[in-house]
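The lines below spell out each chain.
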Amino acid sequence: MTIRLPDFKGGLRAYEPRAEPLALTPGAPLASRTVFSAAHVVADPYADTSPDAPAAVDWDATLAFRRHLWSHGLGVAEAMDTAQRGMGLDWAGAAELIRRSAAEAKAVGGRIACGVGTDQIAAGSLGEVRAAYEEQLAVVEESGAQAILMASRALCAAASGPEDYLEVYGHLLRQAGEPVVLHWLGPMFDPALEGYWGSSDLDTATDTFLEVIAAHPDKVDGIKVSLLDAAREIDIRRRLPQGVRCYTGDDFNYPELIAGDEKGFSHALLGIFDPLGPLAAEAVRVLDTGDVAGFRGLLDPTVELSRHLFRTPTRFYKTGVVFLAWLAGHQSHFTMVGGLQSARSLPHFARAYELADGLGLFPDPKQAEERMRNLLALYGVAQ
């Protein structure tokens, strides 16, 4: 049977859903690359809340999804922008998420790293920004998780130039008990981060970023670069001190960056590896054998879906991620923290469904089709 999907021109087109999913089962641990999936949170659909109220999280479903990722050998990057930090999930909710997920990781032997930011304050002096970072760093380290120092809106607003970034990050790295991941999130993901590292000129900003790392190489496990610019990531990767890893955050160019070249490669910390988790893990296992062509053969076809989910305005990619989790049966509803399920259009959802179904991502294609039909009916699209 075919399903009629809305297109981007105001019409409907016929699509024939896939009959069988890809056969993807948990396998051996990943060896050649360290791979984190930045995981989403599952909202509580029965909570009496509003978009500007504290988040209501379905903890059972949220932790079950993390167990799903761990079962396929992926690490979980917790409380990142994929989990709606600063877009529905406040610091109190993020702190609880960190504690719960870190305890679950310990129980099942899963790898976890957690975001450290300053979102308990909207703005402040450099001293207040440092204190906010310190509070969150303490929560993550006490949980037993690795820390990811996230980009800070408050720091971006308070800093007068590169020297302020050098001072704040230097202070935090000296305090960190274990090596951390530094996260450079570009303004396409969060417009409030324009001019991060003290300059809107990316060459100048890159120099400051690398200066922070060069001053504290023993405290930096790696960097996550989310600029959607493969050439710049490769340039940064080649300029890192020995032993400091590059985790790609490029949801447009990840297959080539993870595959690498004769001068090196990127590990991964990606939001797109939330819906692609099992397929991404299988691709890396193929890469573990030295089969670069086989790895690219599995992962290259997923780029069209990723570019669709992360299309402008990129910060709303989370809506597509949760939409696909619902279709895949990882949650029973399509409700998001902060009401963000309304952030994308019906044609956008239709194309996401078509691309994901074509890749065989849905464990139960029939259930995914039925849920897509239910959404279409809700919007008044007759079949």
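The following paragraphs examine the structure supplied in this document. These numbers were taken from a predicted model, which means no experiment stands behind them. (Residues numbered from 1 in each chain as written. Predicted model: local features only at pLDDT ≥ 70, side-chain atom pairs only at ≥ 80, totals over all residues. Heavy atoms only, no water.)

As for the packing of helix α12 (residues 317–327) against helix α14 (residues 365–378)
Item 1. Look at α12 against α14: their axes get within 8 Å of each other, and the N-to-C directions meet at 125°. By the criterion of interaxial angle, the relationship of α12 to α14 is oblique. Two secondary-structure elements touch here, α12 through Phe 323, Trp 326 and Leu 327 and α14 through Gln 367, Ala 368, Arg 371, Met 372 and Leu 375.
Item 2. The class makeup of the residues in the contact of α12 with α14 is 6 nonpolar, 1 polar and 1 charged. (Axes fitted to C-alpha atoms, helices over the stretch in contact; angles between N-to-C directions. Helix = DSSP H or I, 4+ residues; strand = E, 2+ residues; numbered from the N terminus. Parallel < 35°, antiparallel > 145°, perpendicular 65-115°, else oblique. Contact = heavy atoms within 4.5 Å. Nonpolar A, V, L, I, M, F, W, Y, C, P; charged D, E, K, R; others polar.)

Remarks on the layout of surface pockets
Item 1. In this structure, the largest pocket occupies an estimated 450 Å³ of space.
Item 2. Taken together, 25 residues line the largest pocket, and the ones lying closest to its centre are Arg 85, Gly 86, Asp 119, Arg 153 and Asp 190.
Item 3. Secondary structure elements with two or more residues in the lining of the largest pocket: α4 (153–158) and β7 (180–185).
Item 4. Its residues placed into classes, the lining of the largest pocket shows 12 nonpolar, 5 polar and 8 charged. (1 Å grid on protein atoms, 1.4 Å probe; cavity = no way out; pocket = protein on both sides within 12 Å on 5 of 7 lines; lining within 4 Å. Points joined across faces, edges and corners; volume = space filled by probe spheres on them.)

Details of the pattern of salt bridges
Item 1. Applying the stated criterion to the full structure yields 19 salt bridges.
Item 2. Between Asp 190 and Arg 153 there is a salt bridge whose closest N-O contact spans 2.6 Å. Here Asp 190, found in the loop between β7 and α6 (202–215), pairs with Arg 153, found in helix α4; they are 37 residues apart in sequence, far enough to count as distant.
Item 3. Given the relative accessible area of 11%, Asp 190 is considered buried.
Item 4. The exposure class of Arg 153 is partly exposed, given its relative accessible area of 37%. (Salt bridge = Lys/Arg side-chain N within 4 Å of Asp/Glu carboxyl O. Buried < 20%, exposed > 50% of the residue type's maximum accessible area, 1.4 Å probe, protein only.)

Notes on the nonpolar core
Item 1. Formed by 119 residues in total, the largest nonpolar core has its most connected members in Tyr 169, Leu 182, Tyr 196, Ile 223, Phe 273, Phe 323 and Tyr 353.
Item 2. In terms of residues, this core owes the most to one element, helix α13 (residues 346–359), which gives 8 residues.
Item 3. Apart from residues lying up to four places away in sequence, Ile 223 is in contact with Val 181, Leu 182, Phe 209, Ile 213, Ile 236, Leu 240, Arg 245, Cys 246 and Tyr 247. (Core = buried A, V, L, I, M, F, W, Y, C linked by side-chain atoms within 4.5 Å.)

Some words on helix α9 (residues 277–288)
Item 1. The end-to-end C-alpha distance of α9, which contains 12 residues, comes to 16 Å, matching closely the 16 Å that a straight helix rising 1.5 Å per residue would cover.
Item 2. By the burial criterion, the buried members of α9 are Gly 277, Pro 278, Leu 279, Ala 280, Ala 281, Ala 283, Val 284, Arg 285, Val 286 and Leu 287. (Expected span 1.5 Å × (residues − 1).)

Digging into the pairing of strand β9 (residues 245–248)
When a strand is regular, its side chains alternate between the sheet's two faces.
Item 1. Across 4 bridges, the pairing between strand β8 (residues 220–226) and β9 is parallel. Within the sheet, the bridge partner assigned to Lys 224 lies in β9 and is Tyr 247.
Item 2. As a crossover connection, the stretch from β8 through helix α7 (residues 230–238) into β9 is right-handed.
Item 3. Two strands pair when backbone bridges link them, and β9 and strand β10 (residues 267–270) are joined in this way by 2 bridges, in the parallel orientation. Its bridge partner lying in β10, Thr 248 is registered against Ala 268. (Pairing = 2+ DSSP bridges. Right-handed = clockwise from strand over helix to strand, strands pointing away.)

Digging into empty space enclosed by the protein
Item 1. Per the stated rule, a full pass over the model turns up 1 cavity of 30 Å³ or more.
Item 2. Roughly 60 Å³ of internal volume is contained in the largest cavity.
Item 3. Lining the largest cavity are 14 residues, with Asp 81, Lys 224, Asp 251, Gly 271 and Tyr 317 sitting closest to its centre.
Item 4. Elements represented by at least two residues in the lining of the largest cavity include exactly β8 and β10.
Item 5. Taken together, the residues of the lining of the largest cavity sort by class into 7 nonpolar, 4 polar and 3 charged.

Focus on the environment of Thr 208
Item 1. Looking at the element boundaries, Thr 208 is found in helix α6.
Item 2. It is 8.1 Å that separates the C-alpha atoms of Thr 208 and Tyr 165, two residues lying 43 residues apart in sequence.
Item 3. Those residues in contact with Thr 208 that lie beyond four places of it in its chain are Pro 162, Leu 166 and Trp 197.

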